Amino acid sequence: MSIGFKEYNLENNDENTPTMNQTMQPVMRLLFMAYILFFITSCKPIDPLNSAPNIDPNKKEIVFVTHNGPSTYYLDNESQPAGMEYDLAVLFVKEYFPGYEARFLLVNSISDVIPSLLKGKAHIAAANLSITDMRKHLVLFSSAYQETQQQLIFNNEVNKKPKGVSGLYDKKITVPKGTSYAERLAEIQKEHTALKWSSISQTNTESLLEEVSDGLLDFTVADNHLAALMQNYHPNLEVAMPLGPTDQIAWAMSKNTDPQLLIKMNDFFAKIKKNGTLRNILDRHYGHNKRLNTLDVTTFLKRINTLLPKYIHLFKQAQDITGLDWRFLAAVSYRESHWDTYNTSPTNVRGLMMLTESTADLMGVTDRLDPKQSIPAGAKYLLKLRDTVPERIPEPDRTYMALAAYNIGYAHVEDARVLAKRLKLNPDSWADVKKTLVLLKNPDYYTTLKYGYASGGAPVIFVESVRSYQRILERYQPSHNLDNNTFKIALVN
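An account of the accompanying structure is given in this report. (Residues numbered from 1 in each chain as written. Predicted model: local features only at pLDDT ≥ 70, side-chain atom pairs only at ≥ 80, totals over all residues. Heavy atoms only, no water.)

The next point concerns the pattern of salt bridges. Should their charged atoms come close, side chains of opposite charge can pair. Here the structure, examined in full by the defined rule, presents 19 salt bridges. Among the salt bridges present, the one from K136 reaches D133, with a minimum N-O distance of 3.7 Å. Placement of the pair is K136 and D133 together in helix α5 (residues 133-136), with a separation of 3 residues, close to one helical turn. On the basis of relative accessibility, which here comes to 57%, the residue D133 falls in the exposed class. A salt bridge links R475 to E210, with the nearest nitrogen and oxygen atoms 2.5 Å apart. In this pair, R475 sits in helix α20 (residues 457-476) while E210 sits in helix α7 (residues 205-213), placing the two residues 265 residues apart along the sequence. Through salt bridges that share partners, D283, R291, K434, E464 and R467 make up one connected network. (Salt bridge = Lys/Arg side-chain N within 4 Å of Asp/Glu carboxyl O. Helix = DSSP H or I, 4+ residues; strand = E, 2+ residues; numbered from the N terminus. Buried < 20%, exposed > 50% of the residue type's maximum accessible area, 1.4 Å probe, protein only.)

What follows is the structure, given as structure tokens:
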């Protein structure tokens, strides 16, 4: 509530404004002071720096403040919103505010997130925020939904791995302003006073990691899940050391917000932890990040420039036929054959898409070593497998299971789903099915299943590798004629 002082200011008169009767002014002042005293004693004090917007039933929206980043909110290859925080926010609003929409306020950097929240511009901060002592003085946090470890990152082509914090005294460390990294470095500096570091505004961790990769910066700090993701694009990035204990990530809200909102947030996170939804979302965004090693990424980046140009038109033609993103198909092909058209396995699986004889016959392929036959056949077979997976399974899990079937056979994937149900896991969730796939080599389990033994770890590695390769291709290669009639596989969000 605010008082219009221009309207009620009794002393703001000029020559053109009639003055009050002098005998009435003391009475009016007393009445005015009585009103102020009543307001102060009967209402909660309002902190202008910690205000909170009401949830307006007329607008029917819950506003989340966040910032652009691969672990928060971004636009994917089809210019659609994506990201870990985006997925969680949309699901929260859908389940706890039916008929409402999640609206996102994007700020320039993480240092702007909490100030925007405290100024009443949003209901919730969903921005990969770590719970810190300093932040707890400003906002209320929900229960944590993710654990992360701060890591010091360097370029292994420019610097040597430091031996402890003392090895950093002559190095340049920079982090984004207002982050938990800055708080952690300040704590470490109390013991290591010679440590020098700086924080800058209007930047983000992803940009600073790229500067480290380019040799422009000695060190920066990143959460382990973001560091692992960026290593897939910049293989010269390496972890120097963990910084302090693990952090807890949570949502935040103003201390003046209706406490029922906090209750709903905590109930939401408890629910999705219990039913496996959170595990599935985490796997969808981060489950593949650590699958590739430095050599894998370095080799792949080189072959994007040397081998891929020979076949890129064929992958795009296969997309035109099937609607499957050409970068997805190229990632599958690379994982299968490393784009070697003459590749042949000991089991006589051959060609760019490594087709078996039976699959080649099914898809009408006469020469598996001919890329013009192999690539479209492999694409159509993947689409066939995807259509075999039950429609109720949502994307991208449905495609993950089709990929696993491409590697190990659909029958074994079905066995893994049956086993998941027996073990009280979700047979429609890839995060759960990949746990049971690896059990197919265990006689305690495979002897009870219809199709028996299988090396179930192989399809898990296959799927996660394809996801990583596709994400790299999406970063460096443009899409091809995607329109509203093209099936868009969101393997990585």
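Quick look at the environment of K60 now. For K60, the location among the structural elements is in the loop between α2 (25-42) and β1 (61-67). We classify K60 as partly exposed; its relative accessible area is 39%. Distance in space between the C-alpha atoms of K60 and E101 is 6.4 Å, their sequence separation being 41 residues. Contacts of K60, omitting those with residues within four sequence positions, involve G99, Y100 and E101. (Contact = heavy atoms within 4.5 Å.)

Below, the discussion takes up the packing of helix α17 (residues 410-422) against helix α18 (residues 430-437). In a packed pair of helices, the relevant descriptors are the angle between the two axes and the axis-to-axis distance. At a minimum axis distance of 8 Å, the contact between α17 and α18 shows a crossing angle of 105°. By the angle between their axes, α17 is roughly perpendicular relative to α18. Between α17, through H412, V413, A416, R417, L419 and A420, and α18, the contact on the second element is made entirely by V433, T436 and L437. Class assignment for the residues of the contact of α17 with α18 results in 6 nonpolar, 2 polar and 1 charged. (Axes fitted to C-alpha atoms, helices over the stretch in contact; angles between N-to-C directions. Parallel < 35°, antiparallel > 145°, perpendicular 65-115°, else oblique. Nonpolar A, V, L, I, M, F, W, Y, C, P; charged D, E, K, R; others polar.)

Counting residues in each nonpolar core, the largest one holds 70 residues, and the members touching the most others are F315, V332, W339 and Y406. Element by element, the count of residues in this core is highest for helix α16 (residues 397-408), at 8 residues. If we ignore the near neighbours within four places in the chain, the residues touching Y406 are V332, E336, M353, L355, G378, Y381, L382, L385 and F462. With 29 residues, the next largest nonpolar core counts F64, F92, F104 and Y145 among its residues. (Core = buried A, V, L, I, M, F, W, Y, C linked by side-chain atoms within 4.5 Å.)

Across all of its chains, the model carries 25 aromatic pairs by this definition. Consider the rings of Y86 and F104, whose centres lie 5.3 Å apart with planes at 40°: the pair is tilted. Here Y86 is found in helix α3 (residues 84-96), whereas its partner F104 is found in strand β4 (residues 101-107), with 18 residues between them in sequence. Each member of the pair Y86 and F104 is classed as buried. Taken together, F64, Y73, Y86, F92, Y96, F97, Y100, F104, Y145, W251, F268 and F269 form an aromatic cluster joined through their ring pairs. The side chain of K264 reaches across the aromatic face of F97, ending 4.3 Å from its centre. In this structure, K316 packs its charged tip against the face of W326, placed 5.5 Å from the ring centre. (Phe/Tyr/Trp six-rings, centres within 6.5 Å; stacked < 30°, edge-to-face > 60°. Lys NZ or Arg CZ within 6 Å of the ring centre and 35° of its normal.)

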